[in-house]
Amino acid sequence: MTNSLRPHGHHSQPLPPVQGPADGMTAPRPSRTSQERPPGPERPPAAASPPAKSRDPFFDNAKYLAIVLVAMGHAWQPLTSDSRAAEALYMVVYAFHMPAFIVISGYFSRSFDMRKDRLQRLVTGVAVPYILFETAYSLFKRWADDDPTHPISLLDPWYLTWFLIALFIWRLTTPLWKIVRWPVPLALALALLASVSPDIGDDLDLQRVLQFLPFFVVGLVLKPEHFQMVRRREVRLLALPVFAAALLVGYWAAPRMSSAWFYHRDSAQEMGFAWWVGIVMTLALFGCSMVLTACFFAWVPRRHMWFTALGAGTLYGYLLHGFLAKGSRFWGWYETYDWVRTPLGMIGVTLIAGALVTVLCTPPVQRLFRFAMEPRMSWAFKRDATELARERAKSGTAIR
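What counts and how
- Residues numbered from 1 in each chain as written.
- Predicted model: local features only at pLDDT ≥ 70, side-chain atom pairs only at ≥ 80, totals over all residues.
- Heavy atoms only, no water.
- Helix = DSSP H or I, 4+ residues; strand = E, 2+ residues; numbered from the N terminus.
- Expected span 1.5 Å × (residues − 1).
- Buried < 20%, exposed > 50% of the residue type's maximum accessible area, 1.4 Å probe, protein only.
- Contact = heavy atoms within 4.5 Å.
- pLDDT = per-residue confidence, 0-100.
- Polar contact = N/O pair within 3.5 Å; in protein donor to acceptor, adjacent residues only side chain to side chain.
- Salt bridge = Lys/Arg side-chain N within 4 Å of Asp/Glu carboxyl O.
- Phe/Tyr/Trp six-rings, centres within 6.5 Å; stacked < 30°, edge-to-face > 60°.
- Lys NZ or Arg CZ within 6 Å of the ring centre and 35° of its normal.

Here we come to helix 10 (residues 233-253). Between its first and last C-alpha atoms helix 10 spans 30 Å; for 21 residues at 1.5 Å apiece the expected length is 30 Å, and the two agree. Taken as a whole, helix 10 has its buried residues at A239, A246, G250 and A253. Those residues of helix 10 that are buried are in contact with helix 2 (84-107) and helix 11 (275-298).

Chain-level statistics for the protein chain give a pLDDT mean of 85 and a share of 84% at 70 or above. Model confidence for the protein chain, summarised as mean pLDDT per element, is weakest for helix 16 (residues 385-399) at 67 and strongest for helix 8 (residues 213-221) at 97. Between residues 2-52, whose pLDDT stays under 50, and residues either more than four places distant or in other chains, the model counts 68 contacts.

What follows concerns the side chain of T80. Along the polypeptide, T80 turns up in the loop between helix 1 (57-76) and helix 2. A relative accessible area of 15% means that T80 is categorised as buried. Of the polar contacts made by the side chain of T80, one reaches the backbone oxygen of Q77; its length is 2.7 Å. Setting aside residues no more than four positions away along its own chain, T80 makes contact with A86, E87 and Y90.

Let's shift gears to the pattern of salt bridges. Throughout the structure, instances matching the rule amount to twelve salt bridges. For R118, the salt bridge identified is with D113, shortest N-O distance 3.2 Å. In this structure R118 comes out as buried when scored by relative accessible area, which is 16%. In this structure D113 comes out as partly exposed when scored by relative accessible area, which is 29%. The network of salt bridges with common partners includes R55, D60 and K63.

We now examine the environment of A298. Structurally, A298 is set in helix 11. Under the relative-accessibility criterion, A298 is labelled buried at 3%. Linking A298 and V230, residues 68 residues apart in sequence, is a C-alpha distance of 5.1 Å. Residues within four places of A298 in sequence aside, it is in contact with V230, V235, R236 and A239.

Further remarks concern the packing of aromatic side chains. The full count for this structure, using the stated rule, is 39 aromatic pairs. Where F96 meets F296, the ring centres are 5.6 Å apart and the plane angle is 40 degrees; that geometry is what we call tilted. One end of the pair, F96, is in helix 2; the other, F296, is in helix 11, with 200 residues separating them in the sequence. On the basis of relative accessibility, which here comes to 4%, the residue F96 falls in the buried class. Here the aromatic rings of F296 and F297 are separated by 5.8 Å at their centres, their planes lie at 45 degrees, and the arrangement is tilted. Considered together, F296 and F297 belong to a single accessibility category, that of buried residues. For K326, the ring lying beneath its charged end belongs to Y159, and the centroid distance is 4.7 Å.

Written out as structure tokens, the structure is:
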């Protein structure tokens, strides 16, 4: 989503080296003659600096489209009680939009280790925004929902902030997943155990952390060639009937199945089912989510689009749109305006949600809220001896 989701190695093919001035624009620098050169051995030519690299537009496109689906899903939720079609769309989108986002997060966490700069970025790009937005959301609920007793608790994430604390925990455990022999089966086993463990409780939203964990670990083990595979033409064509079948199944399941299964925030017992149902549903939903996520990736554009640059600001859109999504419930907009429950109204709500989250991903919004999403905070970290020695060396060179 990013900032915190911004890849550690988010690159595509290298760009060509930057060209110098055009021919004839500047006079050539006179070269020294052999007599002018100082005595001593010839110095080897300076090593060429590595060429700059650009972000792969595919991943920025995928992140932007996923965050638009997140916003649309939140806009559909109040309509699901009155519309079977809205419930079907809601369930299908919820089956893959967060899994897709989490797979991408895992993919770009592959290089994470306990190196100082990466730990600092984890703190400033994930932990600090979690603290700030968990506090801001709690204060917003107190004011907008007229609930002055709502607690501010960093141990019990409220609404969208669960993803930040989950990402913090997942990234910290990345080195462990890189050394075990079967990371995905192990992560899936932990998710199964969580789905039948009602005593886990709500602290740090550990149910979601564990039940969504397999998608993050899948991202860790993926390689670039895997994304190339799902972007082949035959996979793109196959994705169409798969999505169509998913919508039909969603329409059938809408009155028969609770969409709460897709939130992965409760155990089977807490939802009123036998423990073994949690195991069956976790396996089934993992399979469905991975298939739909692959189909989603198959249709993500690979070239630069008008929205590609917005992929770098998806965390902004994700966290900021939550105030509007919750505010619409607190202030009763869906009950006040009857038109939103008509077919055209539902289309209008969908377009409004997509437009709002798009605006919230734009560079001006990023600049405005960077203090909360990507604070520098160099003052908060110790400087090691190597860094200090490097700075002293630079200062000495400048003086000479």
